[in-house]
Amino acid sequence: MEKTLRPSRKDTLLTRRYIEGLIAEGKHVIIFEGRVLRVDPFIRYHPGGEKPIKHMVGRDATDEINALHSQEARQRMHSYQIGRIEGTWINFLPPIQGGKFRAYTEDTSCPSDEGSTTPDISSGSSQDGSIPPSPIFDAVDSKSTVRQRKPTGTALTDQPQAKPAFLDARTREEIFFDTAKYPSLDTASQEEIKRKYRELHERIKAEGLYDCNYSCYFVECCRYTLLAGLSYMFLRMGWWATSAFFLGCFWHQLVFTAHDAGHMGITHNFHVDTLIGMFIADYLGGLSLGWWKRSHNVHHIMTNEPEHDPDIEHIPFFAISHRFLTSLRSTYYDRIMTFDAPARFLLKFQNYSYYPIMMLARFNLYALSWEYLLKGQAPKRGPAWWHVWFELVGQVFFWTWFGYGVMYKMIPDASSRIIFLLVSHIVSSPLHVQITLSHFAMSTADLGVGESFAQKMLRTTMDVDCPTWLDFFHGGLQFQAIHHLYPRIPRHNLRRTQKFVIEFCRDTGIPYAIFTFYDGNKEVISRLGEVAKQVRLMEECRKSIAEGGVFSDHHH
C-alpha cells in the first residue's frame with residue numbers, strides 16, 4: 001500500500017498532509033528551495049552532527065542551509081529530493097522540540113487536534129494559520145507541557161504557588177514584548193523579510209564580501225608567531241608569568257582563525273579548512289574542533305532557545321532566562337537541566353560569579369572536547385569519518401608539548417606551574433566574555449516556528465561597537481549579529497558588511513542591537529542579576545510556604 005502512495009519521481013508535488021505522514025513514520029524530511037528532501041540516508045554522516053538536521057524536520061530550512069553550507073554541499077542535497085511543494089510552506093514544530101504528527105491515511109479530513117503542530121493548511125485558505133496566536137499565548141507553555149508532562153495553566157490565580165504562575169507570567173510578558181518590538185509574525189511579513197534577506201545575500205556576494213582576504217591572514221600569522229616567540233623567550237628566561245601571559249594571548253588570537261576554518265570561511269573547501277581548524281584548535285590549543293562544530297551548528301540555528309542552544313545551557317552556574325528555573329530538558333545534551341540545590345545556591349549570585357567563572361571557562365572546554373572524542377559523538381562515517389582520529393592525535397600532541405614539555409619539564413616547581421597554568425588560561429578569557437556578551441543579554445523568548453531565520457538571528461544576537469584599531473582584539477567577531485546572518489563571510493569582511501545589514505534592518509523594521517563593549521557587559525550583568533533576583537524571590541516564597549503554611553502570606 002505504502003509503495004503505491006510514495007511518489008516515484010523527484011518532481012511529484014507532495015501535499016502537506018503526506019509530508020506530515022512521512023514525519024510521523026520517523027522520517028527526517030525538510031524543505032529546501034521548494035524541494036522536499038528526505039535526509040535519512042545522510043543524517044549519520046553529517047559532519048555537523050545529527051541535531052541541526054533534527055531541528056529542521058518539517059520546516060523550510062532554505063535560509064539555514066544556505067547560510068551554513070558551501071555551494072557543493074547544497075548541490076549534493078538535491079540527491080535526497082523526493083518531491084516538491086507548491087506555494088508557501090507553513091512550518092511544523094519538529095519532533096525533537098515536541099511536535100506531534102499524524103500518520104498518513106487516505107482520509108485527510110480529520111482535524112489537527114494534537115495542538116503541537118501547526119494545523120493542516122492544505123487548502124491554502126488560512127495562510128497565517130494559527131501562527132500568531134500560538135506563539136503569543138500558548139506555544140511556550142504548551143511546549144513545556146509536552147517537555148515536562150506537568151500542567152502549567154492551573155495555578156495562575158493561586159499566589160502562594162508562586163513558581164509556575166510567576167514564571168509563566170514572565171514568559172508571556174517576554175513574548176508579548178518581542179511581538180510588539182519586532183515585525184509581525186504573519187506569513188506575508190515574514191516571507192517579505194526572507195525575500196529581502198536573500199536579496200541582501202546576492203548584494204553581499206556581488207560586493208565580493210564572501211571572498212577571503214588572505215593578506216589579513218598574513219598579518220595575523222605574523223602576530224601569532226610574535227606572541228608564540230615571546231612566550232618561548234620568556235619561558236627560557238624563567239619569567240613564568242610573563243611567558244604564560246603571551247601564551248594566553250597566542251591562544252586568544254588563534255581561536256579566531258579556527259572559528260573561520262570551522263565555518264569554511266578561509267579556502268571554502270571543507271577538507272582544507274577543517275584541517276587548518278583542527279591543527280589550530282587541537283594541536284596548538286588542546287580543544288576539539290569537531291566538538292565545537294557539533295555544538296556551534298545547533299547554536300547557529302537555535303540561537304538563545306533555552307531548551308535547544310548549548311551555548312546558553314550552563315546550569316548550575318548561569319541561567320540567562322527564568323525558564324531555566326523550571327528544570328527544562330535540553331535537547332542537545334538529552335538530559336534534564338535540573339534546577340537543584342547547587343543551582344539554587346550558585347544562581348543567587350551569578351552576576352558576581354560571571355567574571356571569575358569566565359576566567360576558568362577554558363578548562364570546561366577541555367572536558368567537553370574529551371567527552372566528544374571519547375564518547376563516540378564524532379561522525380564515524382561519511383566525509384568526516386577520519387576527523388576523530390586526527391583530533392585524538394592532536395590532543396596527544398598538545399598535552400605532550402604543553403603538559404609534559406612546558407609545564408613539567410621546563411617549569412621547576414609546583415607553585416610556578418600553577419601560576420603558569422592559571423595566567424595562561426585567564427588571559428584568554430576575554431574571548432569567553434565576548435562570545436557570551438553577544439547573546440546573554442538578548443531575547444530568549446520562543447516566538448514559534450513562523451519566525452524567519454533573519455529576524456530570529458537579529459532578535460537573539462547583538463553586535464559590539466568598537467574602534468577599527470581594536471578589531472584585532474575582538475577578532476572581528478564583535479559583529480556577531482552580522483556573523484549569524486551570514487556565517488560564511490570571512491570575519492575580516494564583517495565590518496564592511498555592517499552598512500548593508502543596517503540598511504536591511506531599516507528596510508524591514510527589525511531592530512539592530514549594537515552596544516559598546518562596556519555597555520554590553522553592563523547589559524549581561526544586569527540580565528544575570530535579574531534572574532538571580534527571581535531565584536531569591538522563589539527561595540523566599542518557598543521558605544514562607546514551609547514556615548507558615550500555604551496561605552500565611554497571601555495578603556502581603
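Going along each chain's sequence as written, the residues are numbered from 1 onward. Note on the predicted model: pLDDT of at least 70 is required for a residue's local features to be given, and 80 or more for side-chain atom pairs to be given and counted; whole-chain, interface and lining totals, by contrast, use all residues. The side-chain figures draw on all heavy atoms in the structure; neither hydrogens nor water molecules are used.

Draft legend 1. A look at the nonpolar core. By nonpolar core is meant a set of buried Ala, Val, Leu, Ile, Met, Phe, Trp, Tyr and Cys residues that side-chain atoms within 4.5 Å join together. Think of it in three bands: with a 1.4 Å probe and only protein chains considered, a residue is buried below 20% of the maximum accessible area for its type, exposed above 50%, and partly exposed in between. Ranked by size, the top nonpolar core spans 35 residues in total, and within it Phe250, Trp251, Phe402 and Phe420 carry the most contacts. Broken down by secondary-structure element, the contributors of at least two residues to this core are α10 (214-237), α11 (240-262), α12 (270-284), α13 (289-301), α16 (361-374), α17 (387-410) and α18 (414-427). The element contributing the most residues to this core is α11, with 9 residues. Among all residues touching Trp251, those that are not within four sequence positions of it are Leu284, Gly285, Arg362, Tyr366, Phe398, Trp401, Phe402, Ser424, His425 and Ser428. A helix here means a DSSP run of H or I that spans at least four residues, while a strand means a run of E at least two residues long, and both kinds are numbered starting from the N terminus. The contact rule is simple, with two residues in contact once any of their heavy atoms fall within 4.5 Å.

Draft legend 2. Expanded view of the packing of α11 against α13. Contact geometry for α11 and α13: axes closest at 11 Å, N-to-C directions at 60 degrees. Note that α11 runs across α13; the crossing there is right-handed. Each of Ala258, His259 and Gly262 in α11 lies in contact with α13, whose residues at this interface are Leu289, Trp292, Lys293 and His296. Classification convention: Asp, Glu, Lys, Arg as charged; Ala, Val, Leu, Ile, Met, Phe, Trp, Tyr, Cys, Pro as nonpolar; all other residues, Gly among them, as polar. Broken down by class, the residue content of the contact of α11 with α13 amounts to 3 nonpolar, 3 polar and 1 charged. Helix axes are fitted to C-alpha atoms over the stretch in contact, other axes to C-alpha atoms as well, and angles between N-to-C directions run from 0 to 180 degrees. Each crossing gets its hand from how the near helix is turned against the far one by less than a right angle, where anticlockwise is left-handed and clockwise is right-handed.

Draft legend 3. The packing of aromatic side chains, seen in detail. We call Phe, Tyr and Trp rings a pair once their centres come within 6.5 Å, taking the six-membered ring for Trp, and we label the pair stacked below 30 degrees between planes, edge-to-face above 60, and tilted otherwise. Under the definition given, this model contains 31 aromatic pairs. With a centroid separation of 5.1 Å and 45 degrees between ring planes, the pair formed by Tyr283 and Phe390 is classed as tilted. Here Tyr283, found in helix α12, pairs with Phe390, found in helix α17; they are 107 residues apart in sequence, far enough to count as distant. Each member of the aromatic cluster is reached from another via a ring pair, and the members are Trp251, Phe363, Tyr366, Phe398, Trp399, Trp401, Phe402 and Phe420. Over the ring of Phe92 we find Arg16, and its NZ or CZ is 4.0 Å from the ring centre. By definition, being over a ring means that NZ of Lys or CZ of Arg is both within 6 Å of the ring centre and within 35 degrees of the ring normal.

Draft legend 4. Spatial organisation of a nonpolar patch on the surface. Surface patches are defined over residues having more than 30% relative accessible area and no salt bridge, joining like charges when they lie within 9 Å and nonpolar side chains (Val, Leu, Ile, Met, Phe, Trp, Tyr) when within 5 Å. The method behind every accessible area is Shrake-Rupley, applied with a 1.4 Å probe, and residues are considered shielded solely by the protein chains displayed. Any Lys or Arg side-chain nitrogen located within 4 Å of an Asp or Glu carboxyl oxygen qualifies as a salt bridge. A contiguous nonpolar patch, built from Met359, Leu360, Ile418, Leu422 and Ile426 and spanning about 390 Å² of accessible area, is present on the exposed surface. Sorting elements by how many residues they give to the nonpolar patch places α18 first, with 3 residues. With respect to the helices, strands and loops of the structure, Ile418 is situated in helix α18.

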